[in-house]
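# Fold and contact review
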Amino acid sequence: MKCLWRGNRPYEWSKQVVCIAAFVSVSLPSAAAHACSATETQVYKSAKTVWCVENSVVAQYGTFPQEFFPYGDDVVDELALLFNVPPQGVYTFEASKPSGGAHTGSECCGLGVTVTGDAFYNTAYGVHGFWGYLLSLHETINDWTGQVSSGWPTDFWADHVSAFPNAMDWHIMETLGTQNGNMNLLMASVAQKARFYPGGDTADPRVQMFDQIFALPGYGYQGLSRVFGFIEGDKVHWDALGVPNPDVKRTEYVMAYLSLGAGKPVTTIMQQAHVGDGTPDGAGDPGYVVSEADIDAIATAHCSIRAAGAQGSDETADEQALRSGSYMNVTAKGKCGAGCPAECGCQSSTDLCVAPWLADPTGSGGGAAASSTSTGPASSTSSGASGGSGTGGNGGHGGHGNGGHGGHGGHGNGNGGHGHGGKHASSGCGSRPAGDSGPLSMLAPWAVVALALGGVRRRRR
(Lines give C-alpha, C1' and ligand atoms only; values in the text may rest on other atoms or scores of the structure.)
Protein backbone atom coordinates (compact mmCIF):
# COMPACT_ATOMS: atom_id res chain seq x y z
CA MET A 1 0.00 0.00 0.00
CA LYS A 2 1.10 3.53 -0.74
CA CYS A 3 0.39 6.42 1.59
CA LEU A 4 -0.12 9.90 0.19
CA TRP A 5 -0.98 13.05 2.06
CA ARG A 6 -3.60 15.36 0.68
CA GLY A 7 -2.65 19.00 0.59
CA ASN A 8 -1.48 21.81 -1.61
CA ARG A 9 2.14 21.10 -0.80
CA PRO A 10 4.18 18.25 0.68
CA TYR A 11 3.90 18.04 4.45
CA GLU A 12 0.74 20.00 4.82
CA TRP A 13 0.35 17.55 7.64
CA SER A 14 -3.07 18.58 8.86
CA LYS A 15 -4.63 17.15 5.71
CA GLN A 16 -6.08 13.68 5.49
CA VAL A 17 -4.04 10.71 4.38
CA VAL A 18 -5.14 8.88 1.30
CA CYS A 19 -4.05 5.25 1.18
CA ILE A 20 -4.05 3.60 -2.22
CA ALA A 21 -4.14 -0.20 -1.97
CA ALA A 22 -1.77 -2.17 -4.13
CA PHE A 23 -1.40 -5.67 -2.75
CA VAL A 24 -2.36 -6.85 0.68
CA SER A 25 0.27 -9.55 0.94
CA VAL A 26 3.98 -9.27 1.41
CA SER A 27 6.64 -11.10 -0.48
CA LEU A 28 10.22 -11.42 0.55
CA PRO A 29 12.31 -8.42 -0.53
CA SER A 30 14.51 -8.97 -3.54
CA ALA A 31 18.27 -8.69 -3.41
CA ALA A 32 19.62 -5.17 -3.44
CA ALA A 33 21.05 -3.64 -6.58
CA HIS A 34 23.47 -1.46 -4.54
CA ALA A 35 23.48 1.39 -7.04
CA CYS A 36 21.66 4.70 -7.02
CA SER A 37 19.76 5.88 -10.08
CA ALA A 38 21.17 8.30 -12.62
CA THR A 39 19.39 11.24 -10.96
CA GLU A 40 20.53 10.35 -7.44
CA THR A 41 23.73 10.58 -5.42
CA GLN A 42 24.98 7.95 -3.04
CA VAL A 43 25.61 9.98 0.09
CA TYR A 44 26.41 7.13 2.47
CA LYS A 45 27.32 3.46 2.40
CA SER A 46 28.14 1.01 5.17
CA ALA A 47 28.16 -2.76 5.42
CA LYS A 48 24.44 -2.53 6.28
CA THR A 49 22.89 0.37 4.39
CA VAL A 50 23.16 2.67 1.40
CA TRP A 51 21.52 6.09 1.20
CA CYS A 52 20.52 7.36 -2.25
CA VAL A 53 19.26 10.96 -2.42
CA GLU A 54 17.53 12.54 -5.41
CA ASN A 55 19.72 15.39 -6.64
CA SER A 56 16.77 17.77 -6.85
CA VAL A 57 16.13 17.25 -3.12
CA VAL A 58 19.59 18.47 -2.22
CA ALA A 59 19.30 21.34 -4.67
CA GLN A 60 16.05 22.47 -3.06
CA TYR A 61 16.65 21.73 0.63
CA GLY A 62 20.42 21.65 1.06
CA THR A 63 22.91 19.06 2.27
CA PHE A 64 21.22 15.85 3.36
CA PRO A 65 21.14 15.53 7.18
CA GLN A 66 23.83 13.06 8.19
CA GLU A 67 22.18 12.02 11.45
CA PHE A 68 19.96 9.66 9.47
CA PHE A 69 22.91 7.53 8.33
CA PRO A 70 23.70 5.84 11.69
CA TYR A 71 19.97 5.77 12.39
CA GLY A 72 19.42 3.59 9.32
CA ASP A 73 22.16 1.20 10.41
CA ASP A 74 20.66 0.99 13.90
CA VAL A 75 17.16 0.34 12.55
CA VAL A 76 18.43 -2.61 10.50
CA ASP A 77 20.24 -4.04 13.54
CA GLU A 78 17.26 -3.55 15.83
CA LEU A 79 14.73 -5.17 13.51
CA ALA A 80 17.02 -8.11 12.77
CA LEU A 81 17.20 -8.68 16.55
CA LEU A 82 13.49 -8.13 17.17
CA PHE A 83 12.17 -10.30 14.34
CA ASN A 84 15.03 -12.80 14.59
CA VAL A 85 15.36 -12.46 10.81
CA PRO A 86 18.66 -11.26 9.33
CA PRO A 87 18.68 -8.65 6.56
CA GLN A 88 18.85 -10.20 3.11
CA GLY A 89 21.55 -7.85 1.93
CA VAL A 90 22.60 -4.22 2.02
CA TYR A 91 19.50 -2.14 2.67
CA THR A 92 18.78 0.97 0.59
CA PHE A 93 17.14 4.07 2.01
CA GLU A 94 16.03 6.20 -0.92
CA ALA A 95 15.11 9.87 -0.47
CA SER A 96 12.99 10.47 -3.56
CA LYS A 97 11.49 13.51 -5.21
CA PRO A 98 8.95 15.06 -2.82
CA SER A 99 5.73 13.09 -3.18
CA GLY A 100 4.17 13.22 0.27
CA GLY A 101 4.49 9.45 0.68
CA ALA A 102 6.63 6.44 1.49
CA HIS A 103 6.59 2.76 0.63
CA THR A 104 8.52 -0.46 0.94
CA GLY A 105 10.97 -1.25 -1.83
CA SER A 106 13.44 1.32 -3.09
CA GLU A 107 12.55 2.60 -6.55
CA CYS A 108 16.19 2.61 -7.57
CA CYS A 109 17.74 -0.37 -5.90
CA GLY A 110 15.49 -3.21 -4.80
CA LEU A 111 15.76 -4.13 -1.13
CA GLY A 112 14.92 -1.12 1.00
CA VAL A 113 12.39 1.69 1.33
CA THR A 114 11.54 4.90 -0.47
CA VAL A 115 10.64 8.04 1.48
CA THR A 116 9.66 11.43 0.13
CA GLY A 117 12.84 13.50 0.28
CA ASP A 118 11.48 16.52 2.14
CA ALA A 119 10.57 14.31 5.14
CA PHE A 120 14.17 14.51 6.32
CA TYR A 121 14.18 18.31 6.47
CA ASN A 122 10.80 19.14 7.99
CA THR A 123 9.90 19.92 11.58
CA ALA A 124 6.73 18.41 13.03
CA TYR A 125 5.53 18.14 16.62
CA GLY A 126 8.55 20.24 17.56
CA VAL A 127 10.95 17.58 16.26
CA HIS A 128 13.31 18.28 13.38
CA GLY A 129 13.15 15.47 10.82
CA PHE A 130 10.21 13.81 12.57
CA TRP A 131 8.71 12.33 9.42
CA GLY A 132 12.11 11.22 8.16
CA TYR A 133 12.69 9.22 11.33
CA LEU A 134 9.17 7.85 11.36
CA LEU A 135 8.61 6.91 7.71
CA SER A 136 11.99 5.29 7.15
CA LEU A 137 11.55 3.17 10.29
CA HIS A 138 7.90 2.50 9.61
CA GLU A 139 8.43 1.09 6.14
CA THR A 140 11.43 -0.96 7.25
CA ILE A 141 9.24 -2.59 9.90
CA ASN A 142 6.88 -3.56 7.08
CA ASP A 143 9.70 -5.25 5.19
CA TRP A 144 10.67 -7.34 8.19
CA THR A 145 7.07 -8.26 9.06
CA GLY A 146 6.64 -9.57 5.53
CA GLN A 147 9.69 -11.78 5.94
CA VAL A 148 8.04 -13.55 8.89
CA SER A 149 4.82 -14.20 6.95
CA SER A 150 2.75 -12.77 4.18
CA GLY A 151 -0.88 -11.77 4.61
CA TRP A 152 -1.14 -10.28 8.08
CA PRO A 153 -4.77 -9.36 8.84
CA THR A 154 -5.64 -6.18 7.01
CA ASP A 155 -8.32 -5.10 9.46
CA PHE A 156 -6.05 -4.55 12.45
CA TRP A 157 -2.44 -5.49 11.69
CA ALA A 158 -1.57 -4.08 8.28
CA ASP A 159 -2.91 -2.17 5.29
CA HIS A 160 -6.52 -1.19 5.98
CA VAL A 161 -5.71 -0.68 9.64
CA SER A 162 -2.02 -0.82 10.52
CA ALA A 163 -2.01 -1.07 14.28
CA PHE A 164 1.08 -3.26 14.69
CA PRO A 165 3.64 -1.11 12.87
CA ASN A 166 1.93 1.91 14.40
CA ALA A 167 2.52 0.27 17.76
CA MET A 168 6.21 -0.40 17.20
CA ASP A 169 7.52 2.92 15.89
CA TRP A 170 7.71 4.81 19.16
CA HIS A 171 9.09 1.81 21.04
CA ILE A 172 11.98 1.46 18.62
CA MET A 173 12.64 5.20 18.41
CA GLU A 174 12.69 5.28 22.21
CA THR A 175 15.07 2.33 22.39
CA LEU A 176 17.49 3.77 19.83
CA GLY A 177 17.24 7.27 21.28
CA THR A 178 18.10 5.95 24.73
CA GLN A 179 20.97 3.80 23.54
CA ASN A 180 22.53 6.64 21.56
CA GLY A 181 21.65 9.55 23.82
CA ASN A 182 19.72 11.10 20.93
CA MET A 183 17.36 13.65 22.48
CA ASN A 184 15.72 14.50 19.16
CA LEU A 185 14.82 10.87 18.59
CA LEU A 186 13.46 10.55 22.13
CA MET A 187 11.26 13.57 21.50
CA ALA A 188 10.07 11.96 18.26
CA SER A 189 9.15 8.84 20.22
CA VAL A 190 7.08 10.85 22.72
CA ALA A 191 5.33 12.72 19.91
CA GLN A 192 4.58 9.52 18.01
CA LYS A 193 3.07 7.89 21.08
CA ALA A 194 0.84 10.87 21.75
CA ARG A 195 -0.63 10.77 18.26
CA PHE A 196 -2.45 7.48 18.88
CA TYR A 197 -3.76 8.06 22.39
CA PRO A 198 -6.77 10.10 23.53
CA GLY A 199 -6.20 13.71 22.60
CA GLY A 200 -3.88 12.80 19.75
CA ASP A 201 -4.65 13.47 16.12
CA THR A 202 -4.85 9.75 15.20
CA ALA A 203 -6.18 8.09 18.36
CA ASP A 204 -6.72 4.36 17.76
CA PRO A 205 -7.52 1.75 20.45
CA ARG A 206 -5.97 -0.98 18.28
CA VAL A 207 -2.57 0.68 18.58
CA GLN A 208 -3.09 0.91 22.32
CA MET A 209 -4.05 -2.78 22.23
CA PHE A 210 -0.63 -3.78 20.94
CA ASP A 211 0.96 -1.61 23.60
CA GLN A 212 -1.04 -3.45 26.26
CA ILE A 213 0.17 -6.78 24.90
CA PHE A 214 3.73 -5.46 24.75
CA ALA A 215 3.44 -4.47 28.45
CA LEU A 216 2.32 -7.91 29.65
CA PRO A 217 4.71 -9.63 32.09
CA GLY A 218 7.49 -11.32 30.19
CA TYR A 219 6.45 -9.85 26.83
CA GLY A 220 8.07 -6.73 25.37
CA TYR A 221 10.57 -7.20 22.57
CA GLN A 222 11.43 -10.69 23.80
CA GLY A 223 7.81 -11.78 23.63
CA LEU A 224 7.43 -10.55 20.08
CA SER A 225 10.64 -12.29 19.09
CA ARG A 226 9.28 -15.52 20.56
CA VAL A 227 6.02 -15.15 18.66
CA PHE A 228 7.79 -14.59 15.35
CA GLY A 229 10.00 -17.57 16.12
CA PHE A 230 6.97 -19.80 16.73
CA ILE A 231 5.40 -18.72 13.44
CA GLU A 232 8.59 -19.29 11.49
CA GLY A 233 9.29 -22.57 13.27
CA ASP A 234 5.85 -23.89 12.33
CA LYS A 235 6.32 -22.52 8.79
CA VAL A 236 2.87 -20.95 8.96
CA HIS A 237 2.03 -18.35 6.32
CA TRP A 238 -1.26 -16.56 6.75
CA ASP A 239 -1.99 -16.51 3.03
CA ALA A 240 -1.80 -20.33 2.97
CA LEU A 241 -4.71 -20.72 5.41
CA GLY A 242 -7.23 -20.85 2.57
CA VAL A 243 -9.31 -17.88 3.70
CA PRO A 244 -9.74 -14.26 2.54
CA ASN A 245 -8.07 -11.31 4.19
CA PRO A 246 -9.48 -10.25 6.56
CA ASP A 247 -11.16 -13.34 7.95
CA VAL A 248 -12.01 -14.71 11.36
CA LYS A 249 -9.76 -17.78 11.00
CA ARG A 250 -6.76 -15.63 10.01
CA THR A 251 -7.30 -13.49 13.08
CA GLU A 252 -7.75 -16.52 15.35
CA TYR A 253 -4.39 -17.87 14.17
CA VAL A 254 -2.66 -14.57 14.91
CA MET A 255 -4.34 -14.35 18.30
CA ALA A 256 -3.23 -17.91 19.12
CA TYR A 257 0.43 -17.16 18.41
CA LEU A 258 0.33 -13.81 20.23
CA SER A 259 -1.19 -15.67 23.19
CA LEU A 260 1.59 -18.28 23.13
CA GLY A 261 4.04 -15.41 23.45
CA ALA A 262 2.19 -14.19 26.54
CA GLY A 263 1.54 -17.58 28.13
CA LYS A 264 -2.13 -16.65 28.39
CA PRO A 265 -4.92 -15.58 26.03
CA VAL A 266 -4.78 -12.04 24.71
CA THR A 267 -8.27 -12.32 23.24
CA THR A 268 -9.90 -10.09 25.85
CA ILE A 269 -7.35 -7.32 25.30
CA MET A 270 -7.93 -7.47 21.56
CA GLN A 271 -11.72 -7.63 21.75
CA GLN A 272 -11.75 -4.64 24.08
CA ALA A 273 -10.09 -2.78 21.20
CA HIS A 274 -12.85 -4.08 18.90
CA VAL A 275 -10.75 -6.70 17.16
CA GLY A 276 -12.74 -9.90 16.73
CA ASP A 277 -15.75 -8.68 18.72
CA GLY A 278 -18.04 -8.19 15.73
CA THR A 279 -17.23 -4.51 15.19
CA PRO A 280 -16.39 -3.42 11.62
CA ASP A 281 -12.86 -2.04 11.32
CA GLY A 282 -13.96 1.36 10.01
CA ALA A 283 -12.04 0.84 6.78
CA GLY A 284 -14.75 -1.01 4.91
CA ASP A 285 -14.25 -4.50 6.37
CA PRO A 286 -17.16 -6.23 8.15
CA GLY A 287 -16.87 -7.41 11.71
CA TYR A 288 -16.71 -10.99 12.98
CA VAL A 289 -16.49 -12.69 16.35
CA VAL A 290 -13.54 -14.93 17.13
CA SER A 291 -13.92 -18.17 19.07
CA GLU A 292 -11.74 -18.70 22.14
CA ALA A 293 -12.19 -22.44 21.65
CA ASP A 294 -10.69 -22.17 18.16
CA ILE A 295 -7.80 -20.08 19.47
CA ASP A 296 -7.17 -22.68 22.18
CA ALA A 297 -7.21 -25.45 19.56
CA ILE A 298 -4.72 -23.66 17.29
CA ALA A 299 -2.31 -23.00 20.17
CA THR A 300 -2.65 -26.58 21.40
CA ALA A 301 -2.06 -27.92 17.88
CA HIS A 302 1.26 -26.06 17.91
CA CYS A 303 2.16 -27.58 21.29
CA SER A 304 1.03 -31.10 20.40
CA ILE A 305 2.90 -31.16 17.12
CA ARG A 306 6.11 -29.78 18.64
CA ALA A 307 6.00 -32.24 21.54
CA ALA A 308 5.09 -35.28 19.45
CA GLY A 309 7.82 -34.49 16.93
CA ALA A 310 10.41 -34.15 19.68
CA GLN A 311 9.20 -37.44 21.15
CA GLY A 312 9.80 -39.33 17.91
CA SER A 313 6.54 -39.17 15.95
CA ASP A 314 6.32 -38.27 12.28
CA GLU A 315 4.19 -35.14 12.30
CA THR A 316 4.39 -34.26 8.60
CA ALA A 317 0.63 -34.58 8.03
CA ASP A 318 -0.25 -32.64 11.16
CA GLU A 319 2.18 -29.88 10.28
CA GLN A 320 0.56 -29.55 6.88
CA ALA A 321 -2.89 -29.47 8.46
CA LEU A 322 -1.88 -26.63 10.77
CA ARG A 323 -0.30 -24.67 7.92
CA SER A 324 -3.32 -25.07 5.66
CA GLY A 325 -5.82 -23.82 8.24
CA SER A 326 -7.08 -27.32 9.14
CA TYR A 327 -5.94 -27.17 12.75
CA MET A 328 -9.06 -29.12 13.75
CA ASN A 329 -7.68 -32.12 11.86
CA VAL A 330 -4.43 -32.22 13.83
CA THR A 331 -4.25 -35.59 15.58
CA ALA A 332 -0.86 -35.25 17.30
CA LYS A 333 -0.78 -36.39 20.93
CA GLY A 334 2.42 -34.90 22.25
CA LYS A 335 2.96 -35.96 25.85
CA CYS A 336 3.99 -34.10 28.98
CA GLY A 337 7.61 -34.02 30.05
CA ALA A 338 10.62 -34.03 27.76
CA GLY A 339 9.76 -32.58 24.38
CA CYS A 340 6.87 -30.40 25.53
CA PRO A 341 8.20 -26.95 24.59
CA ALA A 342 8.70 -24.16 27.09
CA GLU A 343 5.85 -22.05 25.70
CA CYS A 344 3.39 -24.90 26.40
CA GLY A 345 2.26 -26.78 29.48
CA CYS A 346 1.18 -30.17 30.78
CA GLN A 347 -2.39 -31.23 31.30
CA SER A 348 -1.76 -34.07 33.74
CA SER A 349 -5.28 -35.47 33.54
CA THR A 350 -4.63 -36.41 29.90
CA ASP A 351 -0.81 -36.46 29.99
CA LEU A 352 -0.86 -34.12 26.98
CA CYS A 353 1.21 -31.08 26.06
CA VAL A 354 -1.27 -28.22 25.56
CA ALA A 355 -1.53 -24.43 25.42
CA PRO A 356 -0.17 -23.13 28.74
CA TRP A 357 -3.45 -21.59 29.87
CA LEU A 358 -5.10 -25.03 29.54
CA ALA A 359 -2.36 -26.75 31.51
CA ASP A 360 -2.08 -27.55 35.20
CA PRO A 361 -1.61 -24.37 37.29
CA THR A 362 1.99 -25.29 38.13
CA GLY A 363 2.91 -25.20 34.44
CA SER A 364 4.30 -28.72 34.46
CA GLY A 365 5.74 -29.85 31.17
CA GLY A 366 6.56 -26.41 29.95
CA GLY A 367 7.39 -23.02 31.31
CA ALA A 368 6.94 -19.41 30.40
CA ALA A 369 9.58 -17.03 29.25
CA ALA A 370 11.79 -15.05 31.55
CA SER A 371 10.91 -11.54 32.52
CA SER A 372 11.60 -8.42 30.56
CA THR A 373 11.22 -4.76 31.26
CA SER A 374 9.97 -2.18 28.83
CA THR A 375 9.14 1.27 30.01
CA GLY A 376 7.57 4.11 28.09
CA PRO A 377 7.24 7.74 28.98
CA ALA A 378 4.90 8.40 31.85
CA SER A 379 4.85 4.68 32.56
CA SER A 380 3.69 2.82 35.59
CA THR A 381 5.15 -0.46 36.72
CA SER A 382 3.43 -3.70 37.48
CA SER A 383 4.96 -6.95 38.56
CA GLY A 384 3.84 -10.45 37.70
CA ALA A 385 4.24 -13.17 40.27
CA SER A 386 6.61 -15.96 39.43
CA GLY A 387 5.12 -19.33 38.63
CA GLY A 388 5.57 -22.44 40.64
CA SER A 389 7.90 -25.17 39.61
CA GLY A 390 6.61 -27.76 37.18
CA THR A 391 6.52 -31.45 37.54
CA GLY A 392 8.58 -32.99 34.83
CA GLY A 393 9.05 -29.62 33.18
CA ASN A 394 9.97 -26.01 33.59
CA GLY A 395 8.57 -23.49 35.97
CA GLY A 396 5.71 -21.17 35.26
CA HIS A 397 5.68 -17.55 34.34
CA GLY A 398 7.98 -15.03 35.83
CA GLY A 399 8.74 -11.47 35.16
CA HIS A 400 7.46 -8.01 35.21
CA GLY A 401 6.75 -5.26 32.79
CA ASN A 402 6.44 -1.57 32.99
CA GLY A 403 3.38 0.01 31.45
CA GLY A 404 3.05 3.07 29.36
CA HIS A 405 3.08 2.62 25.65
CA GLY A 406 1.99 4.72 22.83
CA GLY A 407 0.98 5.14 19.28
CA HIS A 408 2.95 4.80 16.20
CA GLY A 409 2.71 5.48 12.52
CA GLY A 410 1.94 2.40 10.60
CA HIS A 411 1.60 0.68 7.32
CA GLY A 412 0.69 -2.76 6.33
CA ASN A 413 2.37 -5.37 4.27
CA GLY A 414 2.68 -5.59 0.56
CA ASN A 415 4.87 -5.91 -2.46
CA GLY A 416 4.09 -5.02 -5.99
CA GLY A 417 3.66 -1.40 -5.88
CA HIS A 418 2.68 1.81 -7.41
CA GLY A 419 1.99 5.33 -6.36
CA HIS A 420 3.30 8.20 -8.45
CA GLY A 421 4.31 5.58 -10.97
CA GLY A 422 6.27 3.76 -8.27
CA LYS A 423 7.70 0.40 -9.15
CA HIS A 424 7.58 -1.45 -5.88
CA ALA A 425 5.28 -2.79 -3.30
CA SER A 426 4.16 -0.63 -0.66
CA SER A 427 2.88 -1.94 2.55
CA GLY A 428 -0.16 -0.84 4.37
CA CYS A 429 -1.08 2.49 5.67
CA GLY A 430 -1.91 4.02 8.95
CA SER A 431 0.47 6.85 9.61
CA ARG A 432 -1.75 9.82 9.01
CA PRO A 433 0.36 12.94 9.34
CA ALA A 434 -0.93 15.94 11.18
CA GLY A 435 0.33 19.39 11.91
CA ASP A 436 2.17 20.68 14.90
CA SER A 437 -1.15 21.45 16.55
CA GLY A 438 -1.27 18.08 18.35
CA PRO A 439 -1.07 17.70 22.11
CA LEU A 440 2.71 17.95 22.19
CA SER A 441 2.61 21.44 20.71
CA MET A 442 1.17 22.57 24.01
CA LEU A 443 4.28 21.44 25.89
CA ALA A 444 7.41 23.50 26.24
CA PRO A 445 10.48 21.78 24.78
CA TRP A 446 11.90 21.10 28.23
CA ALA A 447 8.66 19.39 29.21
CA VAL A 448 8.77 17.13 26.18
CA VAL A 449 12.33 16.13 27.04
CA ALA A 450 11.28 15.43 30.60
CA LEU A 451 8.54 13.14 29.35
CA ALA A 452 11.01 11.35 27.12
CA LEU A 453 13.48 10.78 29.90
CA GLY A 454 11.04 10.01 32.69
CA GLY A 455 11.25 6.27 33.09
CA VAL A 456 13.12 5.38 29.90
CA ARG A 457 15.31 2.37 30.46
CA ARG A 458 17.67 0.64 28.16
CA ARG A 459 16.19 -2.51 26.79
CA ARG A 460 17.64 -5.82 27.90
CA ARG A 461 19.34 -7.73 25.10
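Since the structure is predicted, the reported quantities are computational estimates derived from the model, not experimental observations.

## Topic: the overall build of the protein
Secondary structure summary: the protein contains 12 helices and 13 strands in total. Long-range pairs, those at least 24 residues apart, make up 69% of the contacts in the protein between residues at least 6 apart in sequence. When the accessible surface of the protein is summed, it comes to about 16,300 Å², and 53% of that surface belongs to carbon and sulfur atoms.

## So, helix α11 (residues 316-323)
In an α-helix there are 3.6 residues to a turn, and that puts residues three or four apart on one side. Residues of α11 that are buried: Asp318, Ala321, Leu322 and Arg323. Buried residues belonging to α11 abut α7 (220-234), α8 (248-262) and α10 (292-310). Count one or two residues on from α11 and you reach Gly325, which has phi positive near 90°.

## Focus on unusual backbone geometry
Here the bond from Asn245 into Pro246 is cis, since omega is 5°, no more than 30 degrees from zero. Here Pro246 shows up in the loop between α7 and α8. A positive phi angle, near 55°, is found at Asn84, a position not held by glycine. With respect to the helices and strands, the residue Asn84 is situated in the loop between α2 (68-83) and β5 (91-96). Phi is positive for Lys235, close to 55°, though the residue is something other than glycine. With respect to the secondary-structure elements, Lys235 resides in the loop between α7 and α8.

## Examining the state of the cysteines
Considering all chains together, one arrives at five disulfides under this definition. Between the sulfur of Cys36 and that of Cys52 lies a disulfide, 2.0 Å long from S to S. Across the S-S bond of Cys36 and Cys52 the torsion is about -80°, and the bridge reads as left-handed. Of this pair, Cys36 sits in the loop between β2 (17-20) and β3 (40-45) while Cys52 is found in strand β4 (residues 49-54), placing the two residues 16 residues apart along the sequence.

## Topic: α7
Between its first and last C-alpha, α7 extends 22 Å over 15 residues, near the 21 Å set by a 1.5 Å rise per residue. Listing the buried residues of α7 in full gives Gly220, Tyr221, Gly223, Leu224, Val227, Phe228, Phe230, Ile231 and Asp234.

## Some words on the pairing of β5
Two faces belong to every sheet, and in a regular strand the side chains alternate between them. Burial of β5 is extensive: six of the six residues sit out of reach of the surface. Because side chains alternate across β5, one face comprises the buried residues Tyr91, Phe93 and Ala95, and the other comprises Thr92, Glu94 and Ser96, equally buried. Pairing of β4 with β5, which is carried by five bridges, proceeds in the parallel orientation. Residue Trp51 lies in a different strand from β5, and its bridge partner there is Phe93. Bridge count between β5 and strand β7 (residues 110-116): five bridges; the pairing is parallel. Residue pairing across strands places Ala95 opposite Val115, the latter belonging to β7.

## Quick notes on the packing of α7 against α8
Axis separation between α7 and α8 bottoms out at 8 Å; the angle between their running directions is 130°. It follows from the interaxial angle that α7 and α8 lie oblique. Seen along the crossing, α7 lies across α8 with a hand that is right-handed. Taking contact as the criterion, the partners of Gly223, Arg226, Val227, Phe230, Ile231 and Asp234 in α7 are, on α8, Tyr257, Leu258, Leu260 and Gly261. In the contact of α7 with α8, the residues fall into six nonpolar, two polar and two charged.

Thresholds applied
For every chain, the first residue of its written sequence is number 1, and the numbers climb from 1 along that sequence. Only residues with pLDDT of at least 70 are given local features in this predicted model, and only at 80 or more are side-chain atom pairs given and counted; all residues enter the totals for whole chains, interfaces and linings. To obtain the side-chain values, all non-hydrogen atoms of the structure were used and water was disregarded. Numbering of helices and strands runs from the N terminus; a helix is a DSSP stretch of H or I covering at least four residues, while a strand is a stretch of E covering at least two. Note on contacts: a residue pair is in contact if any heavy atoms of the two residues lie within 4.5 Å. Areas reported here follow the Shrake-Rupley algorithm with a probe of radius 1.4 Å; residue values treat only the protein chains shown as occluding. Relative accessibility under 20% of the residue-type maximum defines a buried residue, over 50% an exposed one, and the middle range a partly exposed one, all with a 1.4 Å probe and only protein chains included. Cysteine sulfur pairs qualify as disulfides if the two atoms are within 2.5 Å. The span one expects for a helix is its residue count, reduced by one, times 1.5 Å. Any two strands are treated as partners once DSSP identifies two or more bridges connecting them. Note on geometry: axes are C-alpha line fits, over the in-contact stretch for helices, and angles between N-to-C directions span 0 to 180 degrees. Here roughly perpendicular refers to angles of 65 to 115 degrees, roughly parallel to angles under 35, roughly antiparallel to angles over 145, and oblique to all remaining angles. The sense of a crossing depends on the near helix, which, turned anticlockwise from the far helix by less than a right angle, makes the crossing left-handed and, turned clockwise, makes it right-handed. Amino acid classes used here: Ala, Val, Leu, Ile, Met, Phe, Trp, Tyr, Cys and Pro are nonpolar; Asp, Glu, Lys and Arg are charged; the rest, including Gly, are polar.

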